[in-house]
Amino acid sequence: MAFDLTPTHLHLLLNHFPQIGFLIGLAMYVIALVAKSEHLKIGSLAILVGISIITIPTYITGNAAGNEICIATNLPGPCPDGVTSRSLIEQHEGAALYGLAFMTLTGGLAWLGLWQWRRFGAVSRVTQNLVL
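What comes next concerns the included structure. (Residues numbered from 1 in each chain as written. Predicted model: local features only at pLDDT ≥ 70, side-chain atom pairs only at ≥ 80, totals over all residues. Heavy atoms only, no water.)

In this structure the tally under the stated criterion is 1 salt bridge. Residues Glu38 and Lys41 are paired through a salt bridge, measuring 3.4 Å at the closest nitrogen-oxygen approach. On the criterion of helical spacing, the pair formed by Glu38 and Lys41 is a turn pair, its members being 3 residues apart in helix H3 (residues 38–69). For Glu38, a relative accessible area of 29% translates into the label partly exposed. (Salt bridge = Lys/Arg side-chain N within 4 Å of Asp/Glu carboxyl O. Helix = DSSP H or I, 4+ residues; strand = E, 2+ residues; numbered from the N terminus. Buried < 20%, exposed > 50% of the residue type's maximum accessible area, 1.4 Å probe, protein only.)

This brings us to the side chain of Thr106. As for its position among the elements, Thr106 is in helix H4 (residues 86–120). Polar contacts involving the side chain of Thr106 include one to the main-chain carbonyl oxygen of Phe102, which spans 2.9 Å. Excluding residues that lie within four positions of it along the chain, Thr106 makes contacts with Phe22 and Leu48. (Polar contact = N/O pair within 3.5 Å; in protein donor to acceptor, adjacent residues only side chain to side chain. Contact = heavy atoms within 4.5 Å.)

Written out as structure tokens, the structure reads:
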């Protein structure tokens, strides 16, 4: 039995991590700010950085998966399954690009917060607000 892991399979494996992980990281971050827990804040920032890193291969494999879905046809209409259309795939890719940009920005700001905590012993109020 061959084990052929295509970009489509990888995308299906990865695509829920950014969504669920972001919600978990955000919920932890809000709880940390309300409870004034420095350890929980640092943990949630680390989760947000990790999730933003996972978002990159999710997006890249999604582009490959979109190309693979309709590879049998060059028509602008429905794909061979009769349900999925290229326009829906393009809308999905557009929304994913916004998600990638949003998560990259959030992960970068969370990394900045971790760097500030490591360097100065505290995350600045401005960085906390920007992450939120």
